[in-house]
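Survey of secondary and tertiary structure
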Amino acid sequence: PAEHLPAPASVARAAARPTGAVVATPSAAQVLVLGARGRLGQALVIAFSRAGWTVLAQVRPGASRALPPGPAAQSIRRIESDLRDPEALAAAAAGTAVVVNALSPGDYGRRAWAREVPVQIAFALAVTRRLGATLMQPGNVYPYGRSLPARLDEQTPFAADTHHGRLRQRLE
């Protein structure tokens, strides 16, 4: 829910800026959501917009699903971008303080994950570095394996025992 998102200014103050950013100084209230057309992406776009952020919603070229309508829609700008040109997306998203990676493989098969997930994470990192922004990378429980304990904390070791789990463990 939007009430659980940090205020834009607090994120900007807390974010460590890498050196070498080549785009404008980040705005405390602007977020770039990669994969804004998917389930998680749409939820993030709505939540950030309702929390007062300006939302740049990255979608693949030709994406047909519209972005969320409603009163918050005026703070949302759709940006069509594929994963081959992080520099162009960074230029279009100049001033962004936070990038959220909601990109997801086209299907859940092993081949799609092995082929697409590393490219998607590399793209998210490249755009974030170019912007000098903070990257939010949603995690999942795959790296903990099928014998997932009832309670997880910072000390819970990874025990990946599936293809998806080993891939996520390697990338996290």
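Residues numbered from 1 in each chain as written. Predicted model: local features only at pLDDT ≥ 70, side-chain atom pairs only at ≥ 80, totals over all residues. Heavy atoms only, no water.

So, the packing of aromatic side chains
A complete count under the given rule lists three aromatic pairs for this structure. Ring centres of Phe-48 and Trp-53 lie 5.1 Å apart, and the angle between their planes is 85°; on these two criteria the pair is classed as edge-to-face. Take Phe-48: its relative accessible area is 1%, and that puts it in the buried class. Residue Trp-53 is classed as buried on the basis of its relative accessible area, which comes to 1%. Look at Trp-113 and Tyr-142: their rings are 5.5 Å apart centre to centre, the planes differ by 75°, and that puts the pair in the edge-to-face class. In this pair, Trp-113 is assigned in helix H4 (residues 110–131) and Tyr-142 in the loop between strand E5 (134–136) and helix H5 (163–171), connecting sequence segments 29 residues apart. (Phe/Tyr/Trp six-rings, centres within 6.5 Å; stacked < 30°, edge-to-face > 60°. Buried < 20%, exposed > 50% of the residue type's maximum accessible area, 1.4 Å probe, protein only. Helix = DSSP H or I, 4+ residues; strand = E, 2+ residues; numbered from the N terminus.)

Considerations on the packing of H4 against H5
Where H4 contacts H5, the two axes come as close as 10 Å, and the packing angle between them is 15°. The orientation of H4 relative to H5 falls into the category roughly parallel. Crossing of H4 over H5 shows right-handed handedness. Residues Arg-110, Trp-113, Ala-114, Val-117, Pro-118 and Ile-121 of H4 form the contact with H5, whose own contacting residues are His-163, His-164, Arg-166, Leu-167, Arg-168 and Leu-171. For the contact of H4 with H5, a count of residues per class yields seven nonpolar, two polar and three charged. (Axes fitted to C-alpha atoms, helices over the stretch in contact; angles between N-to-C directions. Parallel < 35°, antiparallel > 145°, perpendicular 65-115°, else oblique. Left-handed = near helix turned anticlockwise from the far one by under 90°. Contact = heavy atoms within 4.5 Å. Nonpolar A, V, L, I, M, F, W, Y, C, P; charged D, E, K, R; others polar.)

Some thoughts on the confidence of the model for the protein chain
The predicted coordinates should not be examined in detail at positions where pLDDT is low. Considering every residue of the protein chain, the mean pLDDT works out to 81; 78% of them sit at 70 or more. Segment residues 1–25 is flagged for pLDDT under 50; beyond a separation of four residues in sequence, or across chains, it makes 39 contacts in the model. (pLDDT = per-residue confidence, 0-100.)

Notes on the nonpolar core
Ranked by size, the top nonpolar core spans 16 residues in total, and within it Val-31, Val-33, Val-45, Phe-48 and Val-55 carry the most contacts. Ranked by size, the runner-up nonpolar core spans 14 residues in total, among them Leu-34, Ile-79, Leu-131 and Ala-133. (Core = buried A, V, L, I, M, F, W, Y, C linked by side-chain atoms within 4.5 Å.)

Here's the deal with the sheet that holds E5
Across the sheet, five strands lie side by side as E3-E2-E1-E4-E5; this open sheet has parallel pairing. Bordering the open sheet on either side are strand E3 (76–80) and E5, each of which pairs with just one other strand. Going from strand to strand, the sheet's axes swing by 20° on average, the running direction of each strand aside. Two elements, strand E1 (residues 30–34) and strand E2 (residues 54–59), share five bridges in a ladder whose sense is parallel. The residue bridging Val-33 from the neighbouring strand is Ala-57, located in E2. (Pairing = 2+ DSSP bridges.)

Quick notes on the layout of surface pockets
Volume-wise, the largest pocket comes out at about 630 Å³. Looking at the largest pocket, it is lined by 29 residues, and the ones nearest its centre are Gly-38, Ala-102, Leu-103, Ser-104 and Pro-105. Of all the elements in the fold, those that place two or more residues in the lining of the largest pocket are helix H2 (39–50), E2 and H4. It is H4 that contributes the most residues to the lining of the largest pocket, four residues altogether. Residue classes in the lining of the largest pocket are distributed as 13 nonpolar, 11 polar and five charged. (1 Å grid on protein atoms, 1.4 Å probe; cavity = no way out; pocket = protein on both sides within 12 Å on 5 of 7 lines; lining within 4 Å. Points joined across faces, edges and corners; volume = space filled by probe spheres on them.)

Some remarks on a nonpolar patch on the surface
Among the surface-exposed residues, Val-141, Leu-148 and Leu-152 lie close enough to one another that they form a single nonpolar patch of about 210 Å² accessible area. Within the secondary structure layout, Leu-152 lies in the loop between E5 and H5. (Patch = residues over 30% accessible without salt bridge, like charges linked within 9 Å, V, L, I, M, F, W, Y side chains within 5 Å. Areas by Shrake-Rupley, 256 points an atom, 1.4 Å probe, with all protein chains shown as cover. Salt bridge = Lys/Arg side-chain N within 4 Å of Asp/Glu carboxyl O.)

Side note on the environment of Arg-111
Secondary-structure assignment places Arg-111 in helix H4. Take Arg-111: its relative accessible area is 73%, and that puts it in the exposed class. With 52 residues separating them in the primary sequence, Arg-111 and His-163 have C-alpha atoms 9.8 Å apart.

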